[in-house]
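Fold and geometry: a report
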Amino acid sequence: MTLENLLTNKSFGGWHKQYRHPSQSLNCDMRFAIFLPPQASEKSPVPVLYWLSGLTCTDENFMQKAGAHRIAAELGIAIVAPDTSPRGDDVPDDADRSYDFGLGAGFYLNATQSPWNTHYHMYDYVVSELPALIEKTFPVTKQRFISGHSMGGHGALTIGLKNPDLYSSITAFSPICNPTQTPWGQKAFQHYLGDNRESWKDYDACELLKKDKASQAILIDQGLSDDFLEKELKPERLAAAAQENSTNLTLRQHEGYDHSYYFIASFIEDHLCFHNKHRG
Ligand SMILES: N[C@@H](CCC(=O)N[C@@H](CSC=O)C(=O)NCC(=O)O)C(=O)O
């Protein structure tokens, strides 16, 4: 396994680092970023928040724009930000090169349909391959938290709900909550998963929550001036499903905030503190 260090920056007493490595699940080279707080050492390993970004993002957007390092350094939590899709000349993209499908839009699932199924296995990468690499390489514990934004909020919710033993708590900003019923999700699932709509439900947070009560606590923040709210996100449906089975889900709605990283930066401290409360 080669792990190539591309970038190292000291930040709030800790370290932001960017790496490239060959990924077996995705069948291509991948980049990820990690923030290691100053407390992290072999003698005192720290838990890890996995952050899943949204459409068009790479590992860089969150690290550069969210303003998360100060509070992560204070709390002693590492943050790992993977890319949002497989990358490279061999990796197929949307024919129209649109932003909502293909490169930069892996939807955190395992594609079953050709030509997507050669590379698009972001679910396996995020749940298994990347944490194994992180836990082998860096001074971290096996405790994981998960969070994300928009498409990454969908990823955080579905991955967290499906793996209660692996993720202690779940948070999301402006998540796509019911992708089987909304345009971004339907386009992606049709291509990646094919015509059988039953198979789509396995990657839909509302459907997962209707099936089973979540064992973890969930925090969702949503801006009320978000241009994607009505058409794509549907947080009210997730809140209703949670209420139905007494899942511990808090949906906070904020006047005036949009879908951008200004919104994420405004509330990221609350998310890190929320995860910190669930630390073992
Ligand atoms: N107008 C944008 C649309 C893409 C966009 O808004 N991407 C969001 C995530 S949306 C859901 O997954 C994002 O995080 N963008 C990156 C950023 O740094 O703000 C476009 O056409 O690119």
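Anything mentioned here points back to the structure above.
Residues numbered from 1 in each chain as written. Predicted model: local features only at pLDDT ≥ 70, side-chain atom pairs only at ≥ 80, totals over all residues. Heavy atoms only, no water.

Topic: the nonpolar core
Core analysis: the biggest nonpolar cluster contains 65 residues, and Phe32, Phe107, Ile134, Leu157, Ile159, Tyr192 and Leu238 have the highest contact counts within it. Per-element tally for this core: the top contributor is helix H3 (residues 122–137), with eight residues. Residue contacts for isoleucine 134: discarding those within four places in its chain leaves Phe32, Ile34, Tyr50, Val80 and Val140. (Core = buried A, V, L, I, M, F, W, Y, C linked by side-chain atoms within 4.5 Å. Buried < 20%, exposed > 50% of the residue type's maximum accessible area, 1.4 Å probe, protein only. Helix = DSSP H or I, 4+ residues; strand = E, 2+ residues; numbered from the N terminus. Contact = heavy atoms within 4.5 Å.)

Thoughts on the pattern of salt bridges
The full count for this structure, using the stated rule, is 15 salt bridges. Across the pair glutamate 60 and arginine 31 runs a salt bridge whose closest N-O atoms are separated by 3.7 Å. Of this pair, glutamate 60 sits in helix H1 (residues 60–65) while arginine 31 sits in strand E3 (residues 28–36), and the two are 29 residues apart along the sequence. A relative accessible area of 29% places glutamate 60 in the partly exposed class. Note that lysine 201 is salt-bridged to glutamate 198, the shortest N-O span being 2.9 Å. Judged by relative accessible area, which is 53%, glutamate 198 ranks as exposed. (Salt bridge = Lys/Arg side-chain N within 4 Å of Asp/Glu carboxyl O.)

As for unusual backbone geometry
For the bond running from serine 114 to proline 115, omega is 0°, close enough to zero to count as cis. Inspection of the secondary structure assignment puts proline 115 in the loop between strand E5 (78–82) and H3. Phi is positive for serine 150, which is not a glycine, with a value near 60°. On the secondary structure map, serine 150 appears in the loop between strand E6 (140–148) and helix H4 (151–162). We classify serine 150 as buried; its relative accessible area is 3%. The backbone phi angle of serine 246 is positive, close to 60°, even though this residue is not glycine. Its place among the elements puts serine 246 in the loop between helix H9 (235–244) and strand E9 (249–254). Accessibility expressed as a relative area gives 52% for serine 246, which makes it exposed.

Details of the site of the ligand
Taken together, 14 residues are adjacent to the ligand, and Leu55, Asn61, Lys65, Ser150 and Met151 come closest. The contact in question runs from an oxygen atom of the ligand to an N or O atom on the backbone of leucine 55, over 2.8 Å. In the model, an oxygen atom of the ligand is placed 2.8 Å from a nitrogen or oxygen of the asparagine 61 side chain. Considered on its own, the ligand offers 530 Å² of accessible surface; in the complex 70% of this is hidden by protein. Looking at the shell around the ligand, its residues break down into seven nonpolar, six polar and one charged. (Near = heavy atom within 4 Å. Polar contact = N/O pair within 3.5 Å; in protein donor to acceptor, adjacent residues only side chain to side chain. Areas by Shrake-Rupley, 256 points an atom, 1.4 Å probe, with all protein chains shown as cover. Nonpolar A, V, L, I, M, F, W, Y, C, P; charged D, E, K, R; others polar.)

Thoughts on the side chain of aspartate 59
Topologically, aspartate 59 is positioned in the loop between strand E4 (46–52) and H1. Within the structure, aspartate 59 has its side chain in polar contact with the side chain of arginine 31 (distance 2.8 Å). Discounting chain neighbours no more than four positions away, the residues touching aspartate 59 are Gln18, Arg31, Phe32, Ala33, Ala81, Pro82 and Asp83.

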